[in-house]
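Fold and geometry: a report
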Amino acid sequence: MTLTKYIVGFVLSLLLTLTAFFLVENDLLSGGALIWTLGVLALVQMIVQLAYFLHLGDELRPRYKLASFSFMTGILLIIVVGSIWIMDNLNYNMMEMSPQQKTDYMNTQRDKGF
Amino acid sequence: MSELIEAQKARLYRTTIGFWVYLMTDCLLFASLFATYAVLRTATAGGPGAADIFELPLALTETIILLVSSFTCGLMLLGLQAKNRRQVIVAMALTYALGVAFLAIEIGEFAKFVAEGHSWQQSAFLSAFFTLVGTHGLHILFGLLWLVVMLVVVVRRGLTPKVTRQLTIFGLFWHFLDLVWIFIFTVVYLLGVAS
């Protein structure tokens with residue numbers, strides 16, 4: 001934990017934030033490319049802050065912080081990716097139906113037993 | 001004497017690990033709210049979508065204010081390490097001022113949405129937005145209350161081992177809130193305005 005580390009972490013975070021902002025503000029990318037780029041920029045900034053502000057890399061063995069962090073990340077991915085995956089599929093599959101059709105469809109599914 | 005210092009170090013280590021585990025469970029709270037927001041982001045029920053109401057420059061200002069406050073919080077931890085009470089107090093005051101500025105902008109934004117008729121009652125998208133961003137704001141509010149209490153304690157008692165432990169976990173809490181905000185800025189504001 002030194003001043004240099006905090007300054008490096010701060011400057012890197014600032015640059016990553018501004019990059020993401022200018023990408024969106026000036027419409028430099030669109031669609032999937034933009035989503036992936038912004039996602040990667042956020043993840044890189046997360047790693048920078050974990051390393052330089054939360055000192056996750058300085059931890060001595062046994063690395064309890066890193067272990068609990070990894071476990072949390074696993075659960076987090078299941079919750080977030082799982083929810084988006086299932087609900088988007090559901091929306092996609094129900095998109096073309098009228099409300100009456102949806103009701104009929106769900107009744108048929110229920111009669112099948114699931 | 002050195003035994004005492006060792007015992008205090010061990011205690012600081014245990015406190016830090018315990019608080020870290022709390023932060024991980026807090027991450028899961030935010031994960032659930034992020035998942036909810038992601039699922040409901042298009043459920044606008046005829047009301048405005050993300051691109052219609054969010055102002056990116058305002059969100060960028062909030063992001064930078066919080067990042068600077070995370071940095072001043074780091075200066076507080078460095079002052080703690082150097083046993084420099086003056087630096088600790090100045091850094092705490094700066095962190096507090098920046099935290100208040102952040103919260104003021106956020107409350108102003110919420111008030112503007114509600115005044116325009118876009119409250120959490122209008123659509124599932126807005127409910128998810130207010131819950132996610134509001135929960136983060138509530139964390140900031142409690143962090144600020146914690147900071148005021150600690151400021152009084154530092155002024156009155158100085159940097160005792162107990163105060164050092166308490167300020168160390170406050171530092172973790174504050175850095176963690178900045179980390180969560182990166183994802184709110186990216187997912188809610190940047191991706192919301194872009195799509």
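Residues numbered from 1 in each chain as written. Chains lettered and ligands numbered in written order. Predicted model: local features only at pLDDT ≥ 70, side-chain atom pairs only at ≥ 80, totals over all residues.

Observations regarding the nonpolar core
Ranked by internal contacts, the top residues of the largest apolar core, which has 63 residues, are B:Phe34, B:Tyr37, B:Met76, B:Phe129, B:Leu132, B:Ile184 and B:Val188. Those elements giving two or more residues to this core turn out to be helix H1 (3-25) and helix H2 (31-52) of chain A together with helix H1 (2-40), helix H3 (56-81), helix H4 (85-115), helix H5 (124-157) and helix H6 (161-194) of chain B. No other element matches the 17 residues that H6(B) contributes to this core. In this structure, B:Leu132 is in contact with B:Leu33, B:Phe34, B:Tyr37, B:Ile184 and B:Val188, ignoring residues within four places of it in sequence. (Core = buried A, V, L, I, M, F, W, Y, C linked by C-beta atoms within 7 Å. Buried ≥ 20, exposed ≤ 12 C-beta atoms within 10 Å, placed from the backbone. Helix = DSSP H or I, 4+ residues; strand = E, 2+ residues; numbered from the N terminus. Contact = placed C-beta atoms within 7 Å.)

Examining helix H4 (residues 99-112) of chain A
All names here are of chain A. In this model H4 runs 20 Å from its N-terminal to its C-terminal C-alpha over 14 residues, within 8% of the 20 Å that 1.5 Å per residue would give. A small share of H4 lies buried, amounting to zero of its 14 residues. Remark: Gly113 follows H4 within two positions and exhibits a positive phi of approximately 110°. (Expected span 1.5 Å × (residues − 1).)

Here's the deal with the domain arrangement of chain A
Interfaces are often sized by the amount of accessible area the parts lose when they come together. For chain A, the assigned domains are domain 1 (1-58) and domain 2 (62-108). A separation of 27 Å is found between the C-alpha centroids of domain 1 of chain A and domain 2 of chain A. (Domains from an automatic or database assignment.)

Quick look at the interface of chain B and chain A
Contacts between the two partners involve 33 residues from chain B, matched on the other side by 32 residues from chain A. Contributing elements (two or more residues each) for the side of chain B that touches chain A: H1, H3 and H6 of chain B. Examining the composition of the side of chain B that touches chain A, we find that twelve residues originate from one element, H1(B), more than from any other. Residue composition of the side of chain B that touches chain A, by class: 25 nonpolar, seven polar and one charged. (Nonpolar A, V, L, I, M, F, W, Y, C, P; charged D, E, K, R; others polar.)

Observations concerning the packing of H3(B) against H6(B)
Residues and elements named next belong to chain B. Where H3 meets H6, the axes come as close as 9 Å, and the angle between the chain directions of the two elements is 160°. By the angle between their directions, the pair H3 and H6 is classed as roughly antiparallel. Relative to H6, H3 is oriented so that their crossing is left-handed. Touching Leu56, Ala59, Thr63, Leu66, Leu67, Ser70, Cys73, Met76, Leu77 and Leu80 of H3 are Thr164, Leu167, Thr168, Gly171, Trp174, His175, Asp178, Trp181, Phe185, Tyr189 and Val193, all from H6. When its residues are assigned to classes, the contact of H3 with H6 shows 14 nonpolar, six polar and one charged. (Axes fitted to C-alpha atoms, helices over the stretch in contact; angles between N-to-C directions. Parallel < 35°, antiparallel > 145°, perpendicular 65-115°, else oblique. Left-handed = near helix turned anticlockwise from the far one by under 90°.)

Overview of the confidence of the model for chain A
Predicted confidence across chain A gives a mean pLDDT of 88, with 99% of residues reaching 70 or more. Mean pLDDT across the secondary structure elements of chain A bottoms out at H4(A), with 80, and peaks at H1(A), with 94. (pLDDT = per-residue confidence, 0-100.)

Focus on H1(A)
Residues lying three or four places apart along an α-helix face the same way, a consequence of the helix completing one turn every 3.6 residues. Over its 23 residues, H1(A) runs 32 Å from end to end, which matches the ideal 33 Å to within 8%, given 1.5 Å per residue. Restricting attention to buried positions, one finds in H1(A) the residues A:Tyr6, A:Gly9, A:Phe10, A:Ser13, A:Leu16, A:Thr17, A:Ala20, A:Phe21 and A:Val24. For H1(A), the secondary structure elements touched by its buried residues are H2 of chain A together with H3 and H6 of chain B. A:Asp27, located one to two residues past H1(A), shows a positive phi value of around 50°.

What to know about the packing of H1(A) against H3(B)
One way to put it is that H1(A) packs onto H3(B) with a least axis distance of 10 Å and a crossing angle of 175°. One finds that H1(A) runs roughly antiparallel with respect to H3(B). Taken together, the residues of H3(B) that come into contact with H1(A) (itself represented by A:Leu3, A:Tyr6, A:Phe10, A:Ser13, A:Leu14, A:Thr17, A:Phe21, A:Val24 and A:Glu25) are B:Leu56, B:Leu60, B:Thr63, B:Leu67, B:Phe71, B:Gly74 and B:Leu78. Tallied by class, residues from the contact of H1(A) with H3(B) come to eleven nonpolar, four polar and one charged.

Some thoughts on unusual backbone geometry
Each neighbour pair has its own omega, and for A:Arg61 with A:Pro62 the value is -5°, a cis peptide bond. One can find A:Pro62 in the loop between H2 and helix H3 (64-94). Not every positive phi belongs to a glycine, and A:Asp27 is a case in point at roughly 50°. Considering the arrangement of structural elements, one finds A:Asp27 in the loop between H1 and H2. Here A:Asp27 falls in the exposed class, since 9 other C-beta atoms lie within 10 Å of it. A positive phi is found at B:Lys83, a non-glycine position, where the angle reads about 55°.

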